[in-house]
Amino acid sequence: MARDNKLISLALVILIGIIVQVGLFQLDNRETPAKTAVKFTKAYFKLDKSMSKYLCKELAKEDGAIADEFINREADKAIELGFNLQYMRSALYSIHTEVETVDGSKVTVRISAHRKRYINPIYTMIGNLFLIGETYDVDETINLIKEDGKWKVCGKVFDLSS
């Protein structure tokens, strides 16, 4: 009898743990302006074309052309330096966000982080392990608007539109 009570208690604790985990997972998947700003910034510095899905209609143009133009400019800079496009990629670390202003469907998010070259993951791990490679600071204010039920980056962002 006592053994059955222990098994029931253990099963109940496991069940409650699973329910709590599912609830926390659902809460973490909620889209917020800060999460959108971080996802966009990571894609931007990794020179990933997926950055265009975070742009508002005003910036997106047709089929993510602004992202392609930006990546092509970065590829040209890399060629001038004697490298390929992979050399221009960066990874972000110690990311901090702060929602500065909220005005209905418009939000301003300040994002600060450190970035390092991201030629490949092994280079980045070794660089971090032996403190090799320069670290650059990122400090940018990003404007987001609510468009079609999702937060989208809008306005002047980094040097994307230049």
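Below you will find a few notes about this structure. (Residues numbered from 1 in each chain as written. Predicted model: local features only at pLDDT ≥ 70, side-chain atom pairs only at ≥ 80, totals over all residues. Heavy atoms only, no water.)

### Comments concerning the side chain of Ser90
Moving on, step 1. Within the fold, Ser90 resides in strand β1 (residues 90-103).
Moving on, step 2. Residue Ser90 is classed as buried on the basis of its relative accessible area of 2%.
Moving on, step 3. A polar side-chain atom of Ser90 sits 2.9 Å from a polar atom in the side chain of Arg115.
Moving on, step 4. Non-local contacts of Ser90, meaning those with residues more than four positions away in its chain, are made with Phe45, Lys46, Arg115, Lys116, Arg117 and Tyr118. (Helix = DSSP H or I, 4+ residues; strand = E, 2+ residues; numbered from the N terminus. Buried < 20%, exposed > 50% of the residue type's maximum accessible area, 1.4 Å probe, protein only. Polar contact = N/O pair within 3.5 Å; in protein donor to acceptor, adjacent residues only side chain to side chain. Contact = heavy atoms within 4.5 Å.)

### Side note on the sheet that holds strand β2 (residues 106-117)
Moving on, step 1. Reading across from one edge, β1-β2-β3-β4 is the order of the four strands in this open sheet, with antiparallel pairing throughout. Across the chains shown, the open sheet's two edge strands, defined by having one partner strand only, are β1 and β4 (150-154). Neighbour-to-neighbour, the strand axes of this sheet turn through a mean angle of 35°, independent of strand direction.
Moving on, step 2. Relative to strand β3 (residues 136-147), β2 is paired through ten bridges, and the arrangement is antiparallel. (Pairing = 2+ DSSP bridges. Axes fitted to C-alpha atoms, helices over the stretch in contact; angles between N-to-C directions.)

### Digging into the environment of Val13
Moving on, step 1. Along the chain, the position of Val13 falls in helix α1 (residues 2-28).
Moving on, step 2. A relative accessible area of 56% places Val13 in the exposed class.
Moving on, step 3. Sequence-wise, Val13 and Gln86 are 73 residues apart; in three dimensions their C-alpha atoms are separated by 48 Å.

### Focus: the nonpolar core
Moving on, step 1. Of all hydrophobic cores here, the largest spans 31 residues; its most connected members are Phe40, Tyr44, Met51, Ile142, Leu144, Val153 and Phe158.
Moving on, step 2. Put simply, the parts of the chain that give this core at least two residues each are α2 (33-45), α4 (65-81), β2, β3 and β4.
Moving on, step 3. Ranked by residues supplied to this core, first place goes to α2 with six residues. (Core = buried A, V, L, I, M, F, W, Y, C linked by side-chain atoms within 4.5 Å.)

### Regarding α4
Moving on, step 1. Taking 1.5 Å as the rise per residue, α4 with 17 residues should run 24 Å; its terminal C-alpha atoms sit 24 Å apart, in good agreement.
Moving on, step 2. All buried positions along α4 are accounted for by Ala65, Ile66, Ala67, Phe70, Ile71, Glu74, Ala75 and Ala78.
Moving on, step 3. Looking one or two residues beyond α4, the residue adopting positive phi is Gly82, at roughly 90°. (Expected span 1.5 Å × (residues − 1).)

### Considerations on the pattern of salt bridges
Moving on, step 1. Per the counting criterion, the structure on display carries four salt bridges.
Moving on, step 2. Across the pair Arg110 and Asp139 runs a salt bridge whose closest N-O atoms are separated by 2.5 Å. Pair noted here: Arg110 is in strand β2 and Asp139 is in strand β3, with a separation of 29 residues, a long-range link.
Moving on, step 3. Its relative accessible area of 34% is what places Arg110 among the partly exposed residues. (Salt bridge = Lys/Arg side-chain N within 4 Å of Asp/Glu carboxyl O.)

### Re the state of the cysteines
Moving on, step 1. According to the stated counting rule, one finds one disulfide in the structure shown.
Moving on, step 2. Shown here is the disulfide that connects Cys56 with Cys154, its sulfur atoms set 2.2 Å apart. Disulfide Cys56-Cys154: torsion about the S-S bond near 65°, hence right-handed. Of the two residues, Cys56 sits in the loop between α2 and α3 (57-60) while Cys154 sits in strand β4, which places them 98 residues apart along the sequence. Note on accessibility: Cys56 and Cys154 belong to one class, buried. (Disulfide = S-S within 2.5 Å.)

The analysis is restricted to geometry; functional conclusions fall outside its scope.
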